[in-house]
Amino acid sequence: VGTRVDQKVALALFFACTGIENIDEAITLLEQNNWDLVAAINGVIPQENGILQSEYGGETLQGPAYGPTSHSTAASSTPSSSSAFRHVVPSRQIVERQPRMLDFRVEYRDRNVDVVLEDSSTVGEIKHILENELQIPASKMLLKGWKTGDVDDSTVLKTLHLPKNNSLYVLTPDLPPPSSSHSGALQESLNQNFMLIVTHREVQREYNLNFSGSSTIQEVKRNVYDLTSIPVRHQLWEGWPPSATDDSMTLAVSGLTFPCHRLTVGRRSSPVQTREQSEECTDVHMVSDSDGDDFEDATEFGVDDGEMFGVASSALRKSPMMPENAENEGDALLQFTAEFSSRYGDCHPVYFIGSLEAAFQEAFYGKARDRKLLAIYLHHDDSVLTNVFCSQMLCAESIVSYLSQNFITWAWDMTKEANRARFLTMCTRHFGSVVAQTIRTQKTDQFPLFLIIMGKRSSNEVLNVIQGNTTVDELMMRLMAAMEIFSAQQQEDIKDEDEREARENVKREQDEAYRISLEADRAKREAQEREIAEQFRLEQIRKEQEEEREAIRLSLEQSLPPEPKEESTESVSKLRIRTPSGEFFERRFLASSKLQVVFDFVASKGYPWEEYKLLGTFPRRDVTQLDPNKSLLEVKLYPQETLFLEAKE
């Protein structure tokens with residue numbers, strides 16, 4: 001195959017060699033390599049010794065290195081300078097097709113699990129992965145959604161002729177469905193408030209913190225960081241229920257005692273550095289005691305990699321770095337940190353204790369000024385480079401200090417196959433199948449690997465993949481190069497965040513001014529409404545009083561005895577009454593009538609005796625003070641009299 005061929009032929013050969021099905025992706029990769037087929041294939045399908053070699057003068061043709069800081073060269077002079085994807089093979093070696101990768105999205109109730117496998121895998125292997133993810137025995141699963149006929153656990157995926165992307169679903173007829181009452185109780189718990197009494201162990205101080213049931217354990221730890229200045233990854237807790245296995249778990253389902261639960265937090269003593277130790281590790285230009293030649297295979301000279309440091313291999317591997325099939329990533333990282341310290345000492349990077357998702361949250365999703373790069377260290381006990389890399393590079397004080405200041409460091413052990421498969425699944429989910437395939441094709445002796453990840457707005461970008469055959473200076477240079485890229489992006493993010501906060505502050509001020517204006521308008525309107533209501537109430541009272549007085553007046557008017565005629569044979573008294581307004585009205589009464597009849601007559605004219613007094617002229621006297629049961633004759637209002645009405649004080 002020549003280095004330059006017809007583009008259509010090159011595209012067809014590229015499909016056949018790489019298994020890539022997306023034509024846009026294939027054309028992009030070829031264009032990036034100026035339609036150099038060999039270089040494009042080398043960049044996509046890394047192998048232990050490469051893929052093709054040019055037949056022109058023995059010049060090695062290599063693919064581009066992965067990540068923006070690596071460089072492609074015509075030939076590699078030393079192993080220490082090789083990129084994560086740079087390999088060569090003897091001339092005219094036949095290109096072998098790599099196993100085809102299949103993507104499966106498996107749905108189970110309210111969960112989706114992404115699985116990536118080679119087409120040489122079996123259906124049973126999918127169930128095995130789902131068993132770890134869903135915590136459901138494989139024997140209880142019915143995996144449905146296949147486009148073909150009968151499929152059992154031994155069926156090889158290649159024989160089903162599946163497309164690259166597939167959707168399946170899991171049925172569990174032998175398992176009881178979740179009850180609705182449980183869902184209702186869970187929803188009620190999410191709405192409840194939990195009182196957490198957190199004791200800071202070092203200063204013996206208690207904090208009473210209120211959280212809703214929908215808050216996560218991670219949010220609690222971040223709040224405690226604000227109070228105690230202990231970073232989340234350095235916090236050592238006591239009192240969490242056994243069921244609280246994941247920081248992304250809500251308090252409602254974590255098993256906390258409601259409504260009050262006691263916890264204790266302290267600072268993890270190891271491997272956290274003190275400030276003095278950190279200041280001692282600030283020389284980022286520290287030169288390693290060994291050069292790149294130290295990383296050649298030491299077994300060629302009959303020396304075991306453990307014995308290079310005066311320690312037998314059996315002593316280095318008393319226990320695995322990480323338990324196989326660990327259910328909780330945090331517990332696995334605790335064992336990893338403890339075992340790493342026992343092997344290589346306490347001066348090593350501070351590994352984040354928690355899930356990879358929690359590490360993302362810590363590194364990428366805070367305020368722009370607080371964000372950091374994420375460094376993922378992939379360990380492999382079977383690699384001849386591991387002990388040299390860990391003891392001389394990863395534990396160098398300059399590297400430890402630089403990682404501590406600028407990175408969140410997360411680790412994983414790839415020695416066991418189950419742990420390797422688990423990480424590849426996480427890698428596919430977070431970084432995509434290309435990065436997962438790259439790590440999958442790394443040989444054992446290319447480990448350990450150091451992945452530098454930068455969080456972006458919509459995705460996570462792998463800036464660099466550093467292999468174990470490096471030096472302290474080269475490792476530091478790559479870390480600093482990644483930091484330069486991150487710093488530029490961080491400054492843009494800080495600027496965008498500051499502008500967004502400024503806009504939000506202006507909006508909040510405008511909203512507050514508008515709210516105050518609305519409050520003033522509402523208060524004014526309410527005052528007017530109260531005044532109108534009061535006026536209406538008083539008017540109603542006045543009307544009711546007038547109606548009541550009118551009713552009383554009519555009643556009194558109807559109860560009055562008839563006025564005697566002038567030609568009556570009985571003694572008649574004629575009374576003339578003057579009102580306060582100067583008007584007069586007069587009436588005849590029988591001399592034998594009681595004084596009360598006069599009072600009733602005056603009241604029927606609108607002058608009740610409770611409000612007015614009736615005065616006589618000669619002599620001046622207050623008639624209303626007299627006995628109302630006496631007759632007019634007895635009170636000397638006969639045969640005629642003029643009286644005056646006067647309002648009482």
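Calculation criteria
- Residues numbered from 1 in each chain as written.
- Predicted model: local features only at pLDDT ≥ 70, side-chain atom pairs only at ≥ 80, totals over all residues.
- Heavy atoms only, no water.
- Helix = DSSP H or I, 4+ residues; strand = E, 2+ residues; numbered from the N terminus.
- Buried < 20%, exposed > 50% of the residue type's maximum accessible area, 1.4 Å probe, protein only.
- Polar contact = N/O pair within 3.5 Å; in protein donor to acceptor, adjacent residues only side chain to side chain.
- Contact = heavy atoms within 4.5 Å.
- Phe/Tyr/Trp six-rings, centres within 6.5 Å; stacked < 30°, edge-to-face > 60°.
- Pairing = 2+ DSSP bridges.
- Axes fitted to C-alpha atoms, helices over the stretch in contact; angles between N-to-C directions.
- Parallel < 35°, antiparallel > 145°, perpendicular 65-115°, else oblique.
- Nonpolar A, V, L, I, M, F, W, Y, C, P; charged D, E, K, R; others polar.
- Salt bridge = Lys/Arg side-chain N within 4 Å of Asp/Glu carboxyl O.
- Left-handed = near helix turned anticlockwise from the far one by under 90°.

1. Structural notes on the side chain of Ser-383
Now for step 1: Secondary-structure assignment places Ser-383 in the loop between strand E9 (373–379) and helix H11 (386–394).
Now for step 2: Residue class for Ser-383 comes out buried when judged on its relative accessible area of 1%.
Now for step 3: Side-chain polar atoms of Ser-383 contact the backbone oxygen of Phe-447, separated by 2.6 Å.

2. What to know about unusual backbone geometry
Now for step 1: The omega torsion of the bond from Phe-258 to Pro-259 falls at 5°, within 30 degrees of zero and hence cis.
Now for step 2: Within the element layout of this structure, Pro-259 appears in the loop between strand E7 (235–238) and strand E8 (260–267).
Now for step 3: Note that the residue after Tyr-638, namely Pro-639, is joined by a cis bond; omega there is 5°.
Now for step 4: Mapped onto the fold, Pro-639 is located in the loop between strand E16 (621–622) and strand E17 (640–647).
Now for step 5: The residue Asn-34 is not glycine, and still its phi comes out positive at about 55°.
Now for step 6: Locating Asn-34 in the fold gives a position in the loop between helix H2 (23–32) and helix H3 (37–44).
Now for step 7: Note on Asn-34: relative accessible area 52%, which makes it exposed.
Now for step 8: The residue Lys-636 is not glycine, and still its phi comes out positive at about 65°.
Now for step 9: Within the element layout of this structure, Lys-636 appears in the loop between E16 and E17.

3. Here we look at the side chain of Thr-172
Now for step 1: In this structure, Thr-172 sits in the loop between strand E4 (165–171) and helix H5 (180–191).
Now for step 2: Polar side-chain contacts of Thr-172 include one of 3.2 Å to the side chain of Tyr-108.
Now for step 3: Non-local contacts of Thr-172, meaning those with residues more than four positions away in its chain, are made with Tyr-108, Arg-109, Ile-136 and Lys-140.

4. Overview of the packing of aromatic side chains
Now for step 1: Enumeration over the complete set of coordinates arrives at 21 aromatic pairs.
Now for step 2: Relative to Tyr-344, the ring of Phe-340 has its centre 4.8 Å away and its plane inclined at 55°; by these criteria the two rings are tilted. Of this pair, Phe-340 and Tyr-344 both sit in helix H9 (residues 329–344), four residues apart, which is roughly one turn of that helix. Taken as a pair, Phe-340 and Tyr-344 share a single burial class, namely buried.
Now for step 3: Centroid distance Phe-585 to Phe-601: 5.6 Å. Interplanar angle 65°. Geometry classified as edge-to-face. Taken together, the residues span a long stretch of sequence, with Phe-585 in strand E14 (residues 584–590) and Phe-601 in helix H16 (residues 595–604) at a distance of 16 residues.
Now for step 4: Given the relative accessible area of 16%, Phe-585 is considered buried.

5. A look at the pairing of strand E12 (residues 460–466)
Now for step 1: For E12, the tally of buried residues reaches six of seven residues, placing the bulk of the element in the interior.
Now for step 2: Where strand E11 (residues 449–455) meets E12, six bridges bridge the pair, whose relative direction is antiparallel. Bridge assignment links Gly-455 to a residue of E12, and that residue is Asn-460.

6. Remarks on the packing of helix H13 (residues 417–431) against helix H14 (residues 433–440)
Now for step 1: One way to put it is that H13 packs onto H14 with a least axis distance of 7 Å and a crossing angle of 150°. The orientation of H13 with respect to H14, classified from their angle, is roughly antiparallel. Between H13 and H14, the residues in contact are Arg-420, Phe-423, Leu-424, Cys-427, Thr-428 and Phe-431 and Ser-433, Val-435, Ala-436, Ile-439 and Arg-440, respectively.
Now for step 2: Counted by class, the contact of H13 with H14 contains seven nonpolar, two polar and two charged residues.

7. Some remarks on the pattern of salt bridges
Now for step 1: Applying the stated criterion to the full structure yields 31 salt bridges.
Now for step 2: A salt bridge links Lys-367 to Glu-501; its shortest N-O distance comes to 3.2 Å. Here the residue Lys-367 occupies a position in the loop between helix H10 (356–364) and E9, and Glu-501 occupies one in helix H15 (residues 472–559), the gap between them amounting to 134 residues.
Now for step 3: Looking at Glu-501, the relative accessible area reads 29%, which means it is partly exposed.
Now for step 4: Between Glu-611 and Arg-549 there is a salt bridge; the shortest N-O distance is 3.8 Å. Placement of the pair is Glu-611 in the loop between H16 and strand E15 (612–616) and Arg-549 in helix H15, with a sequence separation of 62 residues.
Now for step 5: Owing to a relative accessible area of 37%, Glu-611 belongs among the partly exposed residues under this scheme.
Now for step 6: Classification of Arg-549 as partly exposed rests on a relative accessible area of 42%.
Now for step 7: Through salt bridges that share partners, Glu-339, Arg-343 and Asp-381 make up one connected network.

8. Notes on the packing of helix H1 (residues 7–18) against H3
Now for step 1: It is at 10 Å that the axes of H1 and H3 come closest, and there the two elements cross at 25°. For the element pair H1 / H3, the angle class is roughly parallel. When you trace H1 past H3, the crossing you get is right-handed. Here Ala-10, Leu-13, Phe-14, Cys-17 and Thr-18 of H1 lie close against H3, whose contacting residues are Leu-37, Ala-40, Ile-41 and Val-44.

9. A few points about the sheet that holds strand E1 (residues 101–108)
Now for step 1: Here we have four strands laid out as an open sheet, ordered E2-E1-E4-E3, and mixed in their pairing. If you trace the sheet from one side to the other, it starts and ends with strand E2 (111–118) and strand E3 (142–144), each paired once. Between one strand axis and the next, the sheet turns by 30° as a mean value, whatever way the strands run.
Now for step 2: Alignment of E1 against E2, held across eight bridges, turns out to be antiparallel.

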